[in-house]
Amino acid sequence: MIAVWALGCYIAAIIVWNSVLGRNIGEALLVGFLVTGLFAGGDIGHVMWSSFVEAMQEEVTFAALAFVFMSYLLARTPVLDHLLDILNSLLGRLRGGPVYTSTVASGVFGAIAHVGAAITAAVGSVTIPWMKRSNVSGEIAATVAAGGAGMGVTFPFSSTMFILMGSAGVASVVSTDDIVLPLFLGGLWCLGYRLVAAFVMIRRHGIQPVDNTELRPLRRTLGAGWTSLLLFGGIAIPLLLTRGPLAGDLGRYVGATMSDAISLITWIPVLMIAIVLLLSRRHLPRTGRAWWELLGGVAPQFGVLGVTIIAAFSAANALGELGLPRQLTDLLAGVEAPLWAMALVVGVLVVGVAVPLTASATMAAIGPVAVSALIGAGASPATACVAVLIFASTEGASPPSGAPIFVASGIAGVDPSRTFVPLLTYYCVPILLIGAAVATGVLPV
């Protein structure tokens, strides 16, 4: 069980370095990676180098930095101001309107796109600045955006769902068609809880409606800034090209699956940056020196966020090479308990695997044995599948390694570690309990 111990020491090292010693999260994750590597013994060089190289190739690393640059540009042009004026004209009088909008939008986008980091990036690129403009702290804004990432897993038809249902052990007891409606209902339970969490956060943190003096009639804000709505094209175009009838026609024409050929997490920030540059061309620097000064302002954010992401993914890869999924599977296979206790044990183990891994990787590693354990304890096959997918959906809100956390924090311009406790409190632990409630039948699906 060396990898299980490595996971515990990895998390403990981060907590001590960041919370006890007060060092920044980038340093803490580097220390965590080094501690993880020590468990490889004489193979430490190979494990750490291969884990680092793989982390450098992660799409999320590029996307997070791209969104930091996009947010930096938006803050220095009037484009974002025009868009937020329009949104406030529509919902500014509702207390916590941007928080509710971010939550519902994450559910809608998650039901279509299913990629956690892409959900956070697409929704958060608009709602995080809007929440901050509405006097929501950067930490809470990033928490809400990252907390919605898991809804891509809890609605059909995500790749995570197909990975689970494609395994021999699960396919032999339940079909994909059998879990579509239960998973949709499970997704609604998770969305409903997130709306309750939004309500609690709004009251607890004293979030108020936008001051009436800052609100203008919709006709006036649209007249002044309707072109800012073109920002949504950066989200809509990749989505249309990878999902739906157009994607199907294009895929047949080019002989490829469009969702595989076009990465949402890569192309959404690229297109949004291009649109920002186009819309704000009159407000951008005119000389090379001015551009150098502009880029110099965002460089420190690139440094901290880049180190944080690469260290987190490197540690996740190292834990994988140490055999964490296999060892947790062996651990789970030896547990015998009543259904309520088994649901909690399975939930904790799946969430534990989802800390360093993605939801899809978690399903491939431990999903079938988790479903079998719940069925053996008395859960129906369809219910067990839904519960395990809900557990895995916490990957977006599981500190310290969830990719959506770094995407949201980069957009909000906050230290990712400031979101860890709110994410655990409002999303990770409650969603784990919802999964357990689904497994035991307390929440019917």
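Residues numbered from 1 in each chain as written. Predicted model: local features only at pLDDT ≥ 70, side-chain atom pairs only at ≥ 80, totals over all residues. Heavy atoms only, no water.

Notes on the overall build of the protein
Then, number 1: Per the secondary structure count, the protein includes 23 helices and zero strands.
Then, number 2: The C-alpha atoms of the protein give a radius of gyration of 22 Å, which matches the 22 Å a tight globule of 445 residues would have.
Then, number 3: Overall, the protein is about 65 × 55 × 50 Å in size when its C-alpha atoms are taken along their principal axes.
Then, number 4: Put simply, the protein has 445 residues, and 55% of those count as buried.
Then, number 5: Restricting the contact set of the protein to residue pairs at least 6 apart, pairs at least 24 apart contribute 80%.
Then, number 6: Counting only carbon and sulfur atoms, one obtains 66% of the accessible surface of the protein, whose full area is about 18,200 Å².
Then, number 7: Measuring between centres, the 20 positive side-chain charges of the protein sit 17 Å from its 20 negative side-chain charges. (Helix = DSSP H or I, 4+ residues; strand = E, 2+ residues; numbered from the N terminus. Rg over C-alpha atoms; globule rule 2.2 N^0.38 Å. Buried < 20%, exposed > 50% of the residue type's maximum accessible area, 1.4 Å probe, protein only. Contact = heavy atoms within 4.5 Å. Areas by Shrake-Rupley, 256 points an atom, 1.4 Å probe, with all protein chains shown as cover. Lys, Arg positive; Asp, Glu negative; His and termini not counted. Charge placed at Lys NZ, Arg CZ, Asp CG, Glu CD.)

Remarks on helix 16 (residues 264-279)
Then, number 1: For helix 16, which comprises 16 residues, the first-to-last C-alpha distance of 22 Å matches the rise-based estimate of 22 Å (1.5 Å per residue) to within 8%.
Then, number 2: Every buried residue of helix 16 is listed here: Leu264, Ile265, Thr266, Ile268, Pro269, Met272, Ile273, Ile275 and Val276. (Expected span 1.5 Å × (residues − 1).)

Remarks on the pattern of salt bridges
Then, number 1: For the structure shown, the criterion picks out two salt bridges.
Then, number 2: When the shortest N-O distance is used, the salt bridge between Asp249 and Arg252 registers 2.5 Å. Here Asp249 and its partner Arg252 are both found in helix 14 (residues 244-254), three residues apart, which amounts to about one turn of the helix.
Then, number 3: By relative accessible area, Arg252 is classed as exposed at 63%. (Salt bridge = Lys/Arg side-chain N within 4 Å of Asp/Glu carboxyl O.)

Some remarks on the nonpolar core
Then, number 1: Core analysis: the largest hydrophobic core is formed by 132 residues, its most contacted members being Val346 and Leu374.
Then, number 2: Sequence-distant contacts of Leu374, that is, excluding residues within four places in its chain, are made with Leu339, Met342, Ala343, Val346, Ala379, Ala384, Ala387, Val388 and Ala439. (Core = buried A, V, L, I, M, F, W, Y, C linked by side-chain atoms within 4.5 Å.)

Observations regarding a nonpolar patch on the surface
Then, number 1: Residues Leu90, Leu218, Leu222, Trp226, Leu229, Leu230 and Phe232 make up a contiguous nonpolar surface patch of about 610 Å² in total accessible area.
Then, number 2: In this fold, Trp226 is placed in the loop between helix 12 (218-225) and helix 13 (233-242). (Patch = residues over 30% accessible without salt bridge, like charges linked within 9 Å, V, L, I, M, F, W, Y side chains within 5 Å.)

Topic: the state of the cysteines
Then, number 1: For the structure on display, the rule yields zero disulfides.
Then, number 2: Counting only cysteine sulfurs, Cys428 is the nearest neighbor of Cys9, a cysteine outside any disulfide, at a range of 20 Å.
Then, number 3: Here Cys190 stays unpaired: no disulfide links it, and the sulfur of Cys428, its closest cysteine neighbor, is 12 Å away. (Disulfide = S-S within 2.5 Å.)

Some thoughts on the packing of aromatic side chains
Then, number 1: Taken as a whole and assessed by the stated rule, the structure comprises two aromatic pairs.
Then, number 2: Between Trp49 and Phe52, the ring centres sit 5.8 Å apart and the planes meet at 40°, which makes this aromatic pair tilted. Of the two residues, Trp49 and Phe52 are both situated in helix 3 (residues 44-56); the distance of three residues between them amounts to about one turn of the helix.
Then, number 3: Under the relative-accessibility criterion, Trp49 is labelled exposed at 56%.
Then, number 4: Classification of Phe52 as partly exposed rests on a relative accessible area of 30%. (Phe/Tyr/Trp six-rings, centres within 6.5 Å; stacked < 30°, edge-to-face > 60°.)

Examining the packing of helix 7 (residues 116-133) against helix 22 (residues 403-412)
Each pair of packed helices can be described by the angle between their axes along with the distance between the axes.
Then, number 1: Between helix 7 and helix 22, the shortest axis-to-axis distance is 9 Å and the interhelical angle comes to 30°. Considering their axes alone, helix 7 and helix 22 lie roughly parallel with respect to each other. As helix 7 packs across helix 22, the resulting crossing turns out to be right-handed. Between helix 7, through Gly116, Ala117, Thr120, Ala121, Gly124, Ser125, Ile128, Pro129 and Lys132, and helix 22, the contact on the second element is made entirely by Ala403, Pro404, Val407, Ala408, Ile411 and Ala412.
Then, number 2: Of the residues belonging to the contact of helix 7 with helix 22, the class tally is ten nonpolar, four polar and one charged. (Axes fitted to C-alpha atoms, helices over the stretch in contact; angles between N-to-C directions. Parallel < 35°, antiparallel > 145°, perpendicular 65-115°, else oblique. Left-handed = near helix turned anticlockwise from the far one by under 90°. Nonpolar A, V, L, I, M, F, W, Y, C, P; charged D, E, K, R; others polar.)

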